[in-house]
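One letter stands for each residue in the lines below.
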Amino acid sequence: MRTTRRVASAVLIVAMAGLVIAASSSVAQERPRHREAACSTRVRGSHATASCFNPYPRADRVQLHVECARWWDPDMDTRPVEVGPAQHVQLAERCWKEIRKAWVSHR
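Residues numbered from 1 in each chain as written. Predicted model: local features only at pLDDT ≥ 70, side-chain atom pairs only at ≥ 80, totals over all residues. Heavy atoms only, no water.

**Some words on the confidence of the model for the chain**
Summing up the model confidence of the chain, the mean pLDDT is 84 and the portion of residues at 70 or higher is 69%. When the elements of the chain are averaged for pLDDT, helix H1 (residues 2–30) gives the smallest value, 59, and strand E2 (residues 47–54) the largest, 97. (pLDDT = per-residue confidence, 0-100. Helix = DSSP H or I, 4+ residues; strand = E, 2+ residues; numbered from the N terminus.)

Below you can see the structure in the form of structure tokens.
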């Protein structure tokens, strides 16, 4: 009799744990995710170009940031640009000399 109670309680614990996991995964799936435009960045010498396409139904705001390699060369940022659904934009910025890195931020 004790063995059946132990087995039954173990089965009950496993079943409850499964319900908790299933409930948490369904809540995570219902939460809306913000989707960002797909951007690719290209650097050639002192010029940086970003090409962004937004395949999603919500608009996204993108901005190109350029960090210059020389300490006296100021880092540059483009103004934020809105990319609507199914739209494509190109952003460009430059340094006087070499570019250390360039990236796109989303808002």
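**Considering the state of the cysteines**
Scanning all chains against the criterion turns up two disulfides. The partner cysteine of Cys39 in its disulfide is Cys52, sulfur to sulfur 2.1 Å. In this structure, the disulfide formed by Cys39 and Cys52 twists by about 115° around the S-S bond and is classed as right-handed. Placement of the pair is Cys39 in strand E1 (residues 38–44) and Cys52 in strand E2, with a sequence separation of 13 residues. Sulfur-sulfur distance for the disulfide between Cys68 and Cys95 comes to 1.9 Å. (Disulfide = S-S within 2.5 Å.)

**Quick notes on the pairing of strand E3 (residues 60–68)**
Counting buried positions along E3 gives eight out of nine residues, so the element sits mostly inside the fold. In terms of strand pairing, E3 meets strand E7 (residues 99–106) through seven bridges, oriented antiparallel. Looking at E7, one finds that Gln63 is bridged to Ser105. (Buried < 20%, exposed > 50% of the residue type's maximum accessible area, 1.4 Å probe, protein only. Pairing = 2+ DSSP bridges.)

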